[in-house]
Amino acid sequence: MFFEGYEYHGTSFEQTYRCYPASFIDKPQLESGDKIIMPPSALDRLASLHIDYPMLFEVRNAATERVSHCGVLEFIAEEGMIYMPYWMMQNMLLEEGGTVRVKNVTLPKGTYVKLQPHTKDFLDISNPKAILETTLRNFSCLTTGDSIMVAYNNKKYYIDIVESKPANAISIIETDCEVDFAPPLDYVEPERPAPSVPSSKAAASAVQEPQIEEEPKFKPFTGGGRRLDGKPLKNPPSPVSSSSGAKDKRPEPSAAGVPNPAASTSQSTSRQPQGKLVFGSHAKPAAPKETPKAAAAAPAKDAKQEQPEKKEDPKFQAFTGKKYSLKG
């Protein structure tokens, strides 16, 4: 079937045209919507068909297999040519004079659409929802994968159609559609600070480590001994370092199992004299149990050492004064 030199197939409208941007004609309002301008022959053909209104079309670029959808504004273009918004040509990767296939379609009414701005500047608008509602009044349909253009305050904002329901292409004419926003493409999520150790635990660990390293070992009995009578000690205490050795020194048993009397005698002479109180921290621990021979040798030597002291300190003698008689 032919109509004024153009071939139309069957009962539907489908035709190939050359595409040019809206800047070729005096129609700047095309850039704020998704409507195209078609030739008058297309209107005559569409009028003879039983199609649904408003008229919606599928626009296909066969070279790049890009598909979009649009409405129609007027039928005043030259035959064999159509004019469309430049942002639509960018979506379809069309150049000026490129061929495009136009086919009439029927799209379901949309119930949900998810949008994603290219830049976060769009969120800086005082009321982006109102601006978006005003702009979408100039649109007939939306297609998943397209990038629409929203002009506001002498600035252009591009928004991607991420998702649409109930189909990939929906009609938004006289319908209540739920709109959702995805984070902008240039949005960077702020980094979360690393979990810090509580100051109390950090201070406790910092204090405990030096204490473990620098804490001196406990040394018992490091003082000096003094006699109550003020006289110097005859056997000064040995250094602390040798105390451990003294503890380990014990009478060595003889071959027959009897303790060595020489070892016990030397041990008894190193002890402090019996019967004297000595205050200090150098006192050695109690010596092990001595054998009867060592015990008998020890008091004999102690008695010899104490004899000079008894001569120097005379004993108290009672009733050494003069006699007096009561008779006078």
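Residues numbered from 1 in each chain as written. Predicted model: local features only at pLDDT ≥ 70, side-chain atom pairs only at ≥ 80, totals over all residues. Heavy atoms only, no water.

A. Region of interest: the overall build of the protein chain. When its secondary structure is counted, the protein chain shows 7 helices and 16 strands. For the protein chain, the residues scored as buried account for 29% of the 328 residues in total. Pairs at least 24 residues apart make up 77% of the contacts formed inside the protein chain by residues separated by at least 6 positions. When the accessible surface of the protein chain is split by element, carbon and sulfur atoms take 54% of a total near 22400 Å². (Helix = DSSP H or I, 4+ residues; strand = E, 2+ residues; numbered from the N terminus. Buried < 20%, exposed > 50% of the residue type's maximum accessible area, 1.4 Å probe, protein only. Contact = heavy atoms within 4.5 Å. Areas by Shrake-Rupley, 256 points an atom, 1.4 Å probe, with all protein chains shown as cover.)

B. Molecular detail of the pairing of strand 5 (residues 56–61). Across the 6 residues that make up strand 5, a large majority, 5, are buried. Here strand 5 pairs with strand 6 (residues 66–74) via 6 bridges, running antiparallel. Its bridge partner lying in strand 6, R60 is registered against V67. Between strand 5 and the antiparallel strand that follows it, strand 6, lie 4 residues; E65 among them carries a positive phi value of about 55 degrees. (Pairing = 2+ DSSP bridges.)

C. Up close: the pattern of salt bridges. Evaluation of the coordinates by the stated rule reveals 5 salt bridges. E65 is paired through a salt bridge with R60; the nearest N and O atoms lie 3.7 Å apart. Assessed through its relative accessible area of 54%, E65 is described here as exposed. D121 is the salt-bridge partner of K155, the closest N and O atoms lying 3.4 Å from each other. (Salt bridge = Lys/Arg side-chain N within 4 Å of Asp/Glu carboxyl O.)

D. Expanded view of the nonpolar core. Ranked by internal contacts, the top residues of the largest apolar core, which has 41 residues, are F13, M38, F57, M84 and L142. Look past the residues within four positions of M38 in its chain and what remains in contact with it is F13, Y17, F57, V72, E74, F75, I76, A77, I82 and V102. Ranked by size, the runner-up nonpolar core spans 7 residues in total, among them Y20, A22, I37 and M81. (Core = buried A, V, L, I, M, F, W, Y, C linked by side-chain atoms within 4.5 Å.)

E. Quick look at the packing of aromatic side chains. For the structure on display, the rule yields 6 aromatic pairs. Ring plane angle 35 degrees and centroid distance 5.4 Å describe the contact between Y20 and F24, whose orientation is recorded as tilted. Judged by its relative accessible area of 44%, F24 falls in the partly exposed class. Here the aromatic residues Y20, F24 and Y83 are joined through ring pairs into a cluster of three or more. (Phe/Tyr/Trp six-rings, centres within 6.5 Å; stacked < 30°, edge-to-face > 60°.)

F. Inspection of the side chain of D146 at higher detail. Mapped onto the elements, D146 comes out in the loop between strand 10 (141–143) and strand 11 (147–152). Despite its burial, D146 remains without a salt bridge, the nearest opposite charge being carried by R66 at 5.5 Å. Within polar-contact distance, the side chain of D146 engages the side chain of S68 at 2.7 Å. Each residue touching D146, except ones within four places of it in the same chain, is listed here: V67, S68, N91, I159, D160 and I161. (Lys, Arg positive; Asp, Glu negative; His and termini not counted. Polar contact = N/O pair within 3.5 Å; in protein donor to acceptor, adjacent residues only side chain to side chain.)

G. Highlighting the side chain of N91. Within the fold, N91 resides in helix 2 (residues 86–91). Once residues within four sequence positions are removed from consideration, N91 is found in contact with R66, D146 and S147.

H. Representation of helix 1 (residues 40–47) within the structure. The complete set of buried residues in helix 1 reads S41, A42, R45 and L46. Taken around the axis of helix 1, the buried residues stretch over an arc of 135 degrees, which confines them to a single face. (Arc of directions from axis to C-beta.)

I. Layout of helix 3 (residues 128–136). When helix 3 is considered as a whole, its buried residues turn out to be I131, L132, T135 and L136. Down the axis of helix 3, the buried side of the element spans an arc of 125 degrees, and every buried residue falls inside it. Residues of helix 3 that are buried make contact with strand 9 (112–117), strand 10, strand 11, strand 12 (155–165) and strand 14 (178–181).

J. Seen up close, the environment of T16. On the secondary structure map, T16 appears in strand 3 (residues 14–21). A C-alpha to C-alpha distance of 9.6 Å links T16 and V59, two positions 43 residues apart in sequence. Apart from residues no more than four positions distant in its own chain, T16 is found in contact with T99, V100 and R101. Side-chain polar atoms of T16 contact the side chain of R101, separated by 2.3 Å.

K. Highlighting the pairing of strand 11. Relative to strand 12, strand 11 is paired through 6 bridges, and the arrangement is antiparallel. Residue pairing in the sheet places V150 in a bridge with Y157 of strand 12.

L. Main features of unusual backbone geometry. For the bond running from K165 to P166, omega is 10 degrees, close enough to zero to count as cis. Secondary-structure assignment places P166 in the loop between strand 12 and strand 13 (169–171). A positive phi angle is found at N154, which is not glycine, with a value near 60 degrees. Structurally, the position occupied by N154 is in the loop between strand 11 and strand 12.

M. Looking closely at the sheet that holds strand 9. Spatially, 4 strands are ordered 11-12-9-14 in an open sheet, and the strand pairing comes out mixed. The open sheet has two edge strands with one neighbour each: strand 11 and strand 14. Adjacent strand axes in the sheet meet at a mean angle of 35 degrees, parallel and antiparallel pairs treated alike. Sheet topology note: the strand 9/strand 14 ladder contains 4 bridges and is parallel. The residue bridging V113 from the neighbouring strand is V179, located in strand 14. Across the sheet, helix 3 lies against strand 9, strand 11, strand 12 and strand 14, angled at about 110 degrees from strand 11, the strand it touches most. (Axes fitted to C-alpha atoms, helices over the stretch in contact; angles between N-to-C directions.)

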